[in-house]
Amino acid sequence: MIQRLLPPPGPARTLNLVTLINTAGNGLWLTVNVLYLTRVVGFSPREVGFGLTAATAVCVLASTPMGYLADRFGPRRMQIACFAALSLLTAAMLPVRTFGAFVAVAALTALADAGQRGARGALIAGVIPADQRVRARAYLRATTNVGISVGAALAGVALAADTPTAYRLVIVGNAVSFAAAALVGTRLPAVAPVPAGHGPRLVALRDRPYLAFVALDGLMSMHFDILNVVLPLWIVTHTDAPAWLAAVLLLVNTTMVVAWQVRAARGTEQLDGAARATRSAGLFVGGACLIFAASAAAPTWAAVALLIAGALVHVVGELRQSAGGWGISFGLAPAHAQGQYQATYSMGAQFGRMLAPALLTWLVLDHGVAGWAVLAVLFATLAAAVPPVVSWAATRRAVAAPA
């Protein structure tokens, strides 16, 4: 298991360490943020929801411009600067007492987060050989799951104490993690900035085939919220399975991602293989939706078995979609604009995750089995559209290459 989490020595391993530190801090904050903001600061759940949604919107809108800046100023410098800013902004959450201050800090935090995401994509493209980039992203995703789990486990101590001081120490820990990630990031090789050309700046937003892929992949990414948003509610309202099964399904997913993400990325380094992986991902996710739907009419033991089976099928689709998306995003991005292209790719996933809670819960909880069937068709259709879009993009690149 340790070998699966550790790429060979070099820049990829350093990137993994940066990711582990960063995501452990994220796990700390994500576990307690709503409780801290409502029970310690005193905001209403609606205020917290609005603030977090506004922050997500800022992150989506700023993704491509921040990726452009990573290309212009150098991704390592950009990542270090953004991590340093995130450390300060996280600490700035401690004195927040008004709703306006909360929204301002959350928006600035989202802006810095968009910057570090774009810089990470450009860093991978700049310090990892082209044929190893998808594998490097697979290592990073496995490490992300480990880091968030570690952070969540540590946050459990604060939840058990359930005191304002314990929650504030979690925020301090998150701020320290950003500072530590910035420090470790200085060990990465520098990637030379790319001078601005005379044409349009945000070329990724003018690349229609790439934007079509980003839209399809982003909408497909809604399925990531099935396990942590939809299934817990589905289990308690539409099945006879015990409520604690939701935690088991999430653990199954996390373990499978850590153990198999690197292996699932094999064959997705080239555009053809990545497109096929994405198409198959839609079939697996769609099949999982149908299995989840079948649990509604089943006795307890069968519902448990069906839900576990659905989670296993779903995670295969998740692994394949992630690997396919990385292969396509790197393969279609020009060398001089990797930062903004990778940031635009990330923007699609964030937009899909922003839509997911409301749309998925409406379909599944209000329409039951029929809602699951609609989702199955939706995910399979979105995935089936990816290979033609990738072919369109590849053809356009081949025609434009001489120019």
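Further up the page is the structure itself.
Residues numbered from 1 in each chain as written. Predicted model: local features only at pLDDT ≥ 70, side-chain atom pairs only at ≥ 80, totals over all residues. Heavy atoms only, no water.

A.B. asks: Describe the nonpolar core, listing the residues and the values that go with them.
C.D. replies: Among the nonpolar cores identified, the biggest contains 30 residues, and Ile-226, Leu-231, Leu-249, Leu-307, Trp-372 and Leu-375 are the most heavily contacted of them. Breaking this core down by element, the ones donating at least two residues are α9 (225–238), α10 (245–264), α11 (271–294), α12 (300–332) and α13 (338–400). The leading source of residues in this core is α13, at eight residues. Leave out the neighbours within four places in its chain, and Ile-226 touches Leu-231, Pro-232, Cys-289, Phe-292, His-314, Leu-360, Trp-372 and Phe-379. (Core = buried A, V, L, I, M, F, W, Y, C linked by side-chain atoms within 4.5 Å. Buried < 20%, exposed > 50% of the residue type's maximum accessible area, 1.4 Å probe, protein only. Helix = DSSP H or I, 4+ residues; strand = E, 2+ residues; numbered from the N terminus. Contact = heavy atoms within 4.5 Å.)

A.B. asks: Kindly report on helix α8 (residues 208–220), identifying the contributing residues and their values.
C.D. replies: Helix length check: α8, at 13 residues, gives a terminal C-alpha distance of 18 Å against a target of 18 Å (1.5 Å per residue), a fit within 8%. Three or more residues of α8 are buried, namely Pro-209, Tyr-210, Phe-213, Val-214, Leu-216, Asp-217, Gly-218 and Met-220. (Expected span 1.5 Å × (residues − 1).)

A.B. asks: Describe the packing of α9 against α12, and please don't skip the residues or the numbers.
C.D. replies: For the pair α9 and α12, the least separation of the axes is 13 Å and the interaxial angle reads 165 degrees. Here α9 is positioned roughly antiparallel relative to α12, judged by the angle of their axes. Crossing handedness for the pair α9 and α12: right-handed. Across the interface between the two elements, Ile-226, Leu-227, Leu-231, Trp-234 and Ile-235 from α9 touch Leu-307, Ala-311 and His-314 from α12. In terms of residue class, the contact of α9 with α12 is made up of seven nonpolar, one polar and no charged. (Axes fitted to C-alpha atoms, helices over the stretch in contact; angles between N-to-C directions. Parallel < 35°, antiparallel > 145°, perpendicular 65-115°, else oblique. Left-handed = near helix turned anticlockwise from the far one by under 90°. Nonpolar A, V, L, I, M, F, W, Y, C, P; charged D, E, K, R; others polar.)

A.B. asks: Residues and numbers for unusual backbone geometry, please.
C.D. replies: Of note in this structure, Asp-162 is not a glycine but carries a positive phi near 55 degrees. What makes Asp-162 partly exposed here is its relative accessible area of 34%.

A.B. asks: Kindly report on a nonpolar patch on the surface, identifying the contributing residues and their values.
C.D. replies: A surface patch of nonpolar side chains, amounting to about 230 Å² of accessible area, comprises Phe-351, Met-354 and Leu-355. Along the polypeptide, Met-354 turns up in helix α13. According to the relative accessible area criterion, Met-354 is partly exposed, its value standing at 30%. (Patch = residues over 30% accessible without salt bridge, like charges linked within 9 Å, V, L, I, M, F, W, Y side chains within 5 Å. Areas by Shrake-Rupley, 256 points an atom, 1.4 Å probe, with all protein chains shown as cover. Salt bridge = Lys/Arg side-chain N within 4 Å of Asp/Glu carboxyl O.)

A.B. asks: Give a description of the side chain of Thr-344 that names residues and reports values.
C.D. replies: Tracing the sequence through the fold places Thr-344 in helix α13. At 2.7 Å, the side chain of Thr-344 forms a polar contact with the backbone oxygen of Gln-340. Apart from the residues lying within four places of it in its own chain, the contact partners of Thr-344 are Thr-64, Ala-204, Leu-205, Tyr-210, Leu-211 and Val-214. (Polar contact = N/O pair within 3.5 Å; in protein donor to acceptor, adjacent residues only side chain to side chain.)

A.B. asks: Could you give an account of the pattern of salt bridges, with specific residues and numbers?
C.D. replies: According to the stated counting rule, one finds four salt bridges in the structure shown. Across the pair Arg-39 and Asp-162 runs a salt bridge, and its minimum N-O distance is 2.8 Å. Here the residue Arg-39 occupies a position in helix α2 (residues 11–41), and Asp-162 occupies one in the loop between α6 (133–161) and α7 (164–185), the gap between them amounting to 123 residues. Its salt-bridge partner being Glu-318, residue Arg-141 comes within 2.3 Å of it at the nearest N-O pair. Within this pair, whereas Arg-141 is found in helix α6, its partner Glu-318 is found in helix α12, the two being separated by 177 residues in sequence.

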